[in-house]
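What the coordinates show
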Amino acid sequence: MVVLTTFDHDEYVLRALEAGAAGFLVKSTDPDDLVTLVRAAAGGGTVLSPVAAQRLLGAAGDRRRVRERLSRLSERETEVLAGLGAGDSNLRIARRLRLSEATVKGYVSRLLVKLDCDNRTQAGLLAQQGGLGPESVSGSGGDQR
């Protein structure tokens, strides 16, 4: 199966490939190139329109830079950041990690400086871009509400 669409958003490309598509082609691709790419897919290859390939390579580079920024964090800082990525309040993060709310506030302040973020929302978005979110929030306290 090859997906042919007018949309080249990263998430569409990834979803199509994860669903088993042998290719993702954008209708704006040169017609001669489309024919060549479809034939390559029919022959068992995996194909991407040039514009889709550029977007994926750019997104991969962005994710790599985010992971590099996050790799500088301690394990506890990563846990607190994951809570921000999940949209949790300081109190909820504190309960989950069995810390005081003041300690979590301190971690959040240091994270903002360390990650060069202006606010907790930016830090939470960075966490999500780096793959941190609800499923990566840990701590021995479980989900205490």
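Residues numbered from 1 in each chain as written. Predicted model: local features only at pLDDT ≥ 70, side-chain atom pairs only at ≥ 80, totals over all residues. Heavy atoms only, no water.

1. A closer look at the pairing of strand β1 (residues 2-5)
- Inspection of the sheet shows β1 paired to strand β2 (residues 23-26) by four bridges, in the parallel sense. Bridging across to β2, Thr 5 finds its partner in Val 26.
- Handedness of the crossover is the feature at issue here: the chain leaves β1, passes through helix α1 (residues 10-18), returns alongside β2, and the resulting connection is right-handed. (Pairing = 2+ DSSP bridges. Helix = DSSP H or I, 4+ residues; strand = E, 2+ residues; numbered from the N terminus. Right-handed = clockwise from strand over helix to strand, strands pointing away.)

2. Concerning helix α2 (residues 31-42)
- Taking 1.5 Å of rise per residue, the twelve residues of α2 would be expected to cover 16 Å, and the 16 Å separating its terminal C-alpha atoms lies within 8% of that figure.
- Within α2, the full set of buried residues consists of Leu 34, Leu 37 and Ala 41. Seen end-on, α2 carries its buried residues on one side only, within an arc spanning 70°. Away from its buried face by more than 90 degrees, α2 exposes Asp 32, Thr 36, Arg 39 and Ala 42.
- At the N-terminal end of α2, a side-chain oxygen is found 3.0 Å from the backbone nitrogen of Asp 32, two or three residues along, and the residue is Asp 30. (Expected span 1.5 Å × (residues − 1). Buried < 20%, exposed > 50% of the residue type's maximum accessible area, 1.4 Å probe, protein only. Arc of directions from axis to C-beta. Polar contact = N/O pair within 3.5 Å; in protein donor to acceptor, adjacent residues only side chain to side chain.)

3. A closer look at the side chain of Asn 90
- Mapped onto the fold, Asn 90 is located in helix α5 (residues 90-97).
- Here Arg 120 takes part through its side chain, which lies 2.7 Å from a polar atom of the side chain of Asn 90.
- In contact with Asn 90, not counting residues within four places along its chain, are Glu 101, Val 104, Lys 105, Val 108 and Arg 120. (Contact = heavy atoms within 4.5 Å.)

4. Section: the packing of helix α4 (residues 75-85) against helix α7 (residues 120-129)
- Packing of α4 against α7 brings their axes to within 7 Å, and their N-to-C directions diverge by 100°. Comparing the axis directions of α4 and α7 gives the class roughly perpendicular. Across the interface between the two elements, Leu 81, Leu 84 and Gly 85 of α4 pack against Arg 120, Ala 123, Gly 124, Ala 127 and Gln 128 of α7. (Axes fitted to C-alpha atoms, helices over the stretch in contact; angles between N-to-C directions. Parallel < 35°, antiparallel > 145°, perpendicular 65-115°, else oblique.)

5. Remarks on the UniProt feature "domain: Response regulatory" (unreviewed entry) in the protein chain
- If you check UniProt for "domain: Response regulatory" (unreviewed entry), the listed places come out as residues 1-42 in our numbering.
- Helix makes up 50% of residues 1-42 and strand makes up 19%, while its end C-alpha atoms are separated by 8 Å. (UniProt positions renumbered as here; feature names shortened; annotations may be inferred.)

6. Regarding the environment of Gly 20
- Tracing the chain through its elements places Gly 20 in the loop between α1 and β2.
- We classify Gly 20 as exposed; its relative accessible area is 52%.

7. Section: the environment of Ala 52
- Mapped onto the secondary structure, Ala 52 falls in helix α3 (residues 50-70).
- In this structure the C-alpha to C-alpha distance between Ala 52 and Phe 24, which are 28 residues apart in sequence, comes to 7.3 Å.

8. Some details on the pattern of salt bridges
- The full count for this structure, using the stated rule, is four salt bridges.
- Two residues, Lys 114 and Glu 77, come together in a salt bridge whose shortest N-O distance is 2.9 Å. Taken together, the residues span a long stretch of sequence, with Lys 114 in helix α6 (residues 101-114) and Glu 77 in helix α4 at a distance of 37 residues.
- Accessibility expressed as a relative area gives 40% for Lys 114, which makes it partly exposed.
- A relative accessible area of 7% means that Glu 77 is categorised as buried.
- Residue Asp 88 is joined to Arg 92 by a salt bridge in which the shortest nitrogen-to-oxygen separation is 3.8 Å.
- Residue classification places Arg 92 among the partly exposed positions, given a relative accessible area of 24%. (Salt bridge = Lys/Arg side-chain N within 4 Å of Asp/Glu carboxyl O.)

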